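Remarks on the overall topology
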Amino acid sequence: QVQLVESGGGLVQAGGSLRLSCAASGRTFSGYNMAWFRRAPGKEREFVAGISWSGQNTWDADSVKVRFTISRDNAKDTLYLQMNSLRPEDTALYYCAVEYLGRLGTTQTSDFGAWGQGTQVTVSS
């Protein structure tokens, strides 16, 4: 089992940027596809961006295309999410997760596990 710890959240004005990190420990991080999800107040958890185990393939939700970039450093067992041009509607608790089944491109919450505690991102208008 992989254990995940997210960090890097905070309060930022609209149009600003943040970089989230997700540190992994436990089983081999580099063997798994990974993703970021978020949950806004009163809403269900939603997919944000995913990345293949090698980092060569990424896929994004339409709402964050161009603005957010997912990446990973397998040597450091760390996943990243660079968020630019932030909007108030990006306000949410952000989570990273492991995709254990090798389903490249999946956005289904049920395909992911090892959820961390999340890191809060708040964007003011």
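In short, a report on the structure. Throughout this document, residue positions are counted from 1 along each chain, in the order its sequence is written. Residues qualify for local features only when their pLDDT is at least 70, as the model is predicted, and side-chain atom pairs are given and counted only at 80 or more; totals for whole chains, interfaces and linings, by contrast, use all residues. Side-chain metrics rest on all non-hydrogen atoms present in the structure, leaving aside hydrogens and water.

1. A closer look at the overall build of the protein
Each helix and strand counted, the protein has zero helices and 11 strands in total. Counting helices and strands in the order they occur from the N terminus, the protein gives β-β-β-β-β-β-β-β-β-β-β. For this measure, only C-alpha atoms enter the radius of gyration; the expected value for a globule follows 2.2 Å times N^0.38, where N is the number of residues. Computed over its C-alpha atoms, the radius of gyration of the protein comes to 13 Å, within 12% of the 14 Å expected for a compact globule of 125 residues. Oriented by its inertia axes, the alpha-carbon framework of the protein measures out at about 40 × 25 × 25 Å. Taking all 125 residues of the protein together, 45% fall into the buried category. In what follows, a contact means two residues having at least one pair of non-hydrogen atoms within 4.5 Å. Of the contacts formed within the protein by residues at least 6 apart in sequence, a portion of 58% connects residues at least 24 apart. Per-residue accessibility takes into account occlusion by the displayed protein chains alone, with areas from the Shrake-Rupley method and a 1.4 Å probe. Approximately 6,300 Å² of the protein is accessible, and the part contributed by carbon and sulfur atoms is 46%. A residue counts as positive if it is Lys or Arg and as negative if it is Asp or Glu; His and the chain ends are not included. Taken as the charge location is NZ of Lys, CZ of Arg, CG of Asp or CD of Glu. The positive charge centre, built from 12 side chains, and the negative charge centre, built from 11, are 2 Å apart in the protein. Secondary structure is summarised from DSSP: a helix means a run of H or I of at least four residues, a strand means a run of E of at least two, and numbering begins at the N terminus for each. Buried means the residue's accessible area, taken with a 1.4 Å probe over protein chains only, is under 20% of the maximum for its type, while exposed means over 50%, and partly exposed covers the values in between.

2. Observations concerning the pattern of salt bridges
The term salt bridge refers to a pairing of a side-chain nitrogen on Lys or Arg with a carboxyl oxygen on Asp or Glu at a separation within 4 Å. Within this structure, the stated rule accounts for four salt bridges. Across the salt bridge formed by glutamate 46 and arginine 38, the nearest N and O atoms sit 2.6 Å from each other. Note that aspartate 90 is salt-bridged to arginine 67, the shortest N-O span being 2.7 Å. You can see aspartate 90 sitting in the loop between β8 (78–83) and β9 (92–99) and its partner arginine 67 sitting in the loop between β6 (58–60) and β7 (68–73), a full 23 residues away along the chain. Residue aspartate 90 is classed as buried on the basis of its relative accessible area of 1%. Each of Arg38, Glu46, Arg67 and Asp90 takes part in a single network of salt bridges with overlapping partners.

3. Side note on the pairing of β7
With burial as the criterion, only one face of β7 is covered, namely that bearing Phe68, Ile70 and Arg72; the residues Thr69, Ser71 and Asp73 on the opposite face remain uncovered. Note: two strands are recorded as paired if DSSP finds a minimum of 2 bridges between them. When β7 meets β8, the two strands line up antiparallel, connected through six bridges. If you follow arginine 72 over to β8, its bridge partner there is leucine 79. Where β7 folds back onto β8 in an antiparallel hairpin, the turn is made up of four residues, including aspartate 77, whose phi is positive at roughly 50 degrees.

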